[in-house]
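Now for the letters of each chain:
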Amino acid sequence: MLRIHYSLESELKGGIADIDAPQELSVQVRNLVLKTAKRKKVGHGEIIAEHPSQSGGAFHAAASGTVRDLDYHHLVITCDESGEAVDPADVASMAPGKELLRTLQGLGIDIAVLSSHAEMLVINGMNPEPGVSVAEQLLADEMKTLEAGLEMARTLIEPKQVVLAVADTKEYQLPGASMKAVKPKYPHSLDALVVKAVTGEEFPANTKVMNVMDLYALGKVVQTGKPITETVMTIDGHNYRVPIGTTIRHLLSCLDMKVSSGDTVVLGGSFRGEAVYSLDEGVRKGDYAMFVIPSDTFPRVEDVTCINCGECVLNCPARIQPNLISRYAEYEKFELAEEHGLHSCFECGLCAFSCTMRRPILQYIRFAKDQLRASGQGKQS
Ligand code: SF4
Ligand code: SF4
């Protein structure tokens, strides 16, 4: 068995830097409810799309400009320098309740975790994946904003206990939260495993979890009253504040990074991230990293036959059978995938990473979940 122990430790290199303002934004709008139209002018922070679920946060223009192009997948804004922006909302003085939740949702926050009470709130302060230092950077540099986010989360969730889970090599404190040290090895950073490390139970009742990136976004909204229009990303070991919709091409050019034919650009981490099809794809809300993987680093991932070697099963922390589930997904037998524990998968990506045949196991699993969700049978986000 290939034993995988990847470190989540990071060494911060300075503070969070800004990226040069992009001239164009490309926002992924597939399956969203559009709130603008082609050739329409938009102000900085104006709503351009809403999430179709009850709880998903809205999407906003990260700069003022004009909608140049719009299709089922993308909305492209040509930015201008008019500086037009929406007025801030006075979130901090609103009383807890439905109106506050709807306001937060309208400002881009996913309110699922905030919409009901729980006895325990776990703040996941672990770096999400190897090579990604966003969580630690926010804990080191943005404590006031995290505190503002926690105050709002406390107001809405009313937990009796708040616990911050951090790497056992670090000393970060979040006022009002006790600390739980966790070994900084992937996949210990995944919410389900962090909750287990804190409570000793798998899927305990009355417990909610938020990661520090989401807590930071909530804190920003509380502090400014303005919508989420940027994300913090680790790129090549440094952390940057990146407007949502900034194209990969612009990022690469700003950071003087080169991509050769056959290289893969990944948005997100190296285990859970997704390869982009085009350098004109835009950064999405919640993206926390970008990697360029040179063409000769790994064998290609391909739709080849599973040889039943069992490596993926041995590496699966959810103790399910990724080989079986991914085959059911491949042949569109989604109900069978569900019966064999599809929804116990927390998408760590270790199965795909360890697959002898380099099958796209995680992609099959996400495909099955998406299809079930679209048909109204899966778990809704
Ligand atoms: S991504 Fe793969 S290894 Fe990770 S929990 Fe899901 S099935 Fe298991
Ligand atoms: S999916 Fe890959 S790792 Fe899993 S049993 Fe098949 S070939 Fe082996």
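The residue numbers shown here count from 1 along each chain, following its written sequence. Following the order in which they are written, the chains are lettered starting with A and the ligands numbered starting with 1. Given that this is a predicted model, residues contribute local features only at a pLDDT of at least 70 and side-chain atom pairs are listed and counted only at 80 or more, while totals for whole chains, interfaces and linings are drawn from all residues. Computation of side-chain values: all heavy atoms of the structure, hydrogens and water removed.

**A short note on the overall build of the protein chain**
Counting from the N terminus, the helices are the DSSP runs of H or I reaching at least four residues and the strands are the DSSP runs of E reaching at least two. Along its length, the protein chain carries 11 helices and 19 strands. In terms of C-alpha radius of gyration, the protein chain reaches 21 Å, essentially the compact-globule figure of 21 Å for 381 residues. Structurally, the protein chain occupies a C-alpha span of about 60 × 50 × 45 Å along its principal axes. Buried means the residue's accessible area, taken with a 1.4 Å probe over protein chains only, is under 20% of the maximum for its type, while exposed means over 50%, and partly exposed covers the values in between. By the burial criterion, 49% of the 381 residues in the protein chain qualify as buried. Note on contacts: a residue pair qualifies if any of its non-hydrogen atoms lie within 4.5 Å across the two residues. In the protein chain, the share of contacts with a sequence separation of at least 24, taken over all contacts with a separation of at least 6, comes to 69%. Computed with the Shrake-Rupley method and a 1.4 Å probe, the accessible areas treat only the protein chains shown as cover for residues. For the protein chain, the exposed area adds up to about 18,500 Å²; of that, 49% sits on carbon and sulfur atoms. The convention is simple: Lys and Arg are positive, Asp and Glu are negative, and His and the chain ends are not counted. The atom standing in for a charge is NZ when the residue is Lys, CZ when it is Arg, CG when it is Asp and CD when it is Glu. Positive and negative side-chain charges in the protein chain, numbering 38 and 49 respectively, have mean positions lying 3 Å apart. In this description the radius of gyration comes from C-alpha coordinates, and the expected globular size is given by 2.2 Å times residues to the power 0.38.

**Considering the site of ligand 2**
Around ligand 2, the neighbouring residues are Cys-306, Ile-307, Asn-308, Cys-309, Gly-310, Glu-311, Cys-312, Asn-323, Cys-355, Thr-356, Met-357 and Ile-361. Polarity classes work like this: nonpolar for Ala, Val, Leu, Ile, Met, Phe, Trp, Tyr, Cys and Pro, charged for Asp, Glu, Lys and Arg, and polar for all others, with Gly in that last group. Within the shell around ligand 2, the residues separate by chemical class into 7 nonpolar, 4 polar and 1 charged. For each residue, the test is whether any non-hydrogen atom lies within 4 Å of the molecule or strand; if one does, the residue is near.

**Quick notes on the site of ligand 1**
As a matter of local geometry, ligand 1 sits amid Cys-316, Pro-317, Ala-318, Ile-320, Pro-322, Cys-345, Phe-346, Glu-347, Cys-348, Gly-349, Cys-351 and Ile-365. Tallied by class, residues from the shell around ligand 1 come to 10 nonpolar, 1 polar and 1 charged.

**Things to note about the sheet that holds strand E19 (residues 289–293)**
Pairing between strands is defined by DSSP: at least two bridges between them are needed. In spatial order, the strands read E2-E16-E15-E19-E17-E18; together these 6 strands make up an open sheet with mixed pairing. The open sheet has two edge strands, strand E2 (17–18) and strand E18 (274–275), and neither has a second partner. Summarising the sheet, strand E17 (residues 264–267) and E19 pair through 4 bridges and their orientation is antiparallel. Among the inter-strand pairings, Val-265 is bridged to a residue of E19, identified as Val-292. Every angle, taken between N-to-C directions, lies between 0 and 180 degrees, and every axis is a line fitted to C-alpha atoms, over only the stretch in contact when it is a helix. Across the sheet, helix H2 (residues 134–141) touches strand E15 (230–235) and strand E16 (238–243), and the angle it forms with E15 is around 115°.

**Side note on the domain arrangement of the protein chain**
Its domain assignment divides the protein chain into domain 1 (17–86 + 227–293), domain 2 (91–223) and domain 3 (311–374). Where each domain begins and ends is defined by an automated method or by a domain database. For domain 1 and domain 2, the distance between their C-alpha centres works out to 24 Å. Domain 1 puts 25 residues into the contact, and the matching count from domain 2 is 26 residues. When two parts are put together, the accessible area they lose, computed with a 1.4 Å probe and summed over both, is reported as buried area. Carbon and sulfur atoms supply 55% of the area that domain 1 and domain 2 bury against each other, a total of about 1,800 Å² over both sides. A per-residue breakdown of the area domain 1 buries against domain 2 is headed by Ser-55, Ile-228 and Tyr-288, which together make up 27% of the total. Salt-bridge detection follows one rule: a side-chain nitrogen of Lys or Arg within 4 Å of a carboxyl oxygen of Asp or Glu. Counting across the interface, domain 1 meets domain 2 through 1 salt bridge. For this analysis, a polar contact is any N or O atom pair within 3.5 Å, provided that within protein one partner can donate a hydrogen and the other can accept it, and provided that sequence-adjacent residues contribute only side-chain to side-chain pairs. Counting the contacts that link domain 1 with domain 2 gives 18 residue pairs in polar contact (both at pLDDT 80 or more). Broken down by secondary-structure element, the contributors of at least two residues to the side of domain 1 that touches domain 2 are E15, E16 and E19. The dominant element in the side of domain 1 that touches domain 2, judged by the number of residues it contributes, is E15, at 4 residues. Its residues assigned to classes, the side of domain 1 that touches domain 2 comprises 10 nonpolar, 11 polar and 4 charged.

**Some thoughts on the pattern of salt bridges**
Within the structure shown, the criterion is met by 23 salt bridges. Between Glu-46 and Lys-40 there is a salt bridge whose closest N-O contact spans 3.6 Å. A residue is classified by how much of its surface remains accessible, and Glu-46, at 23% relative accessible area, is partly exposed. A salt bridge links Lys-258 to Asp-256; the shortest N-O distance between them is 3.2 Å. Here the residues in one salt-bridge network are Glu-274, Arg-284, Asp-287, Glu-347, Arg-366 and Lys-369, joined through shared partners.

**So, the packing of helix H3 (residues 143–157) against helix H5 (residues 212–224)**
Running from N to C, H3 and H5 point in directions that differ by 85°, and their axes come no closer than 7 Å. Accordingly, the angle class assigned to the pair H3 and H5 is roughly perpendicular. On H5, the residues touching Lys-144, Thr-145, Leu-146, Ala-148, Gly-149, Leu-150, Met-152 and Ala-153 of H3 are Val-212, Leu-215, Tyr-216, Leu-218, Gly-219, Lys-220, Val-222 and Gln-223. The residue inventory of the contact of H3 with H5, partitioned by class, reads 10 nonpolar, 4 polar and 2 charged. Should an angle fall under 35 degrees it is taken as roughly parallel, and over 145 as roughly antiparallel, whereas 65 to 115 is taken as roughly perpendicular and any remaining angle as oblique.

**A look at the side chain of Thr-36**
Here Thr-36 shows up in the loop between strand E4 (33–34) and strand E5 (41–42). The buried category is assigned to Thr-36, whose relative accessible area is 11%. Thr-36 has contacts with Val-42, Ile-48, Val-67, Leu-70 and Leu-75, leaving out every residue within four places of it along the chain.

**A look at the environment of Ile-16**
With respect to the secondary-structure elements, Ile-16 resides in the loop between strand E1 (6–7) and E2. For the pair Ile-16 and Val-232, spaced 216 residues apart in the sequence, the C-alpha separation amounts to 7.9 Å. The contact partners of Ile-16, leaving out residues within four places of it in the chain, are Gln-137, Leu-138, Asp-141, Glu-142, Val-232, Asn-239, Tyr-240 and Arg-241.

**So, the sheet that holds strand E10 (residues 120–124)**
Strand order in the open sheet made by the 4 strands is E12-E11-E10-E14, with parallel pairing throughout. Each having just a single partner strand, strand E12 (178–182) and strand E14 (207–211) make up the two edges of the open sheet. Pairwise comparison of adjacent strand axes, ignoring direction, gives a mean angle of 25° for this sheet. Pairing analysis gives 5 bridges linking strand E11 (residues 161–167) to E12, with the strands arranged parallel. Considered in E12, the bridge of Ala-165 is made with Lys-180.

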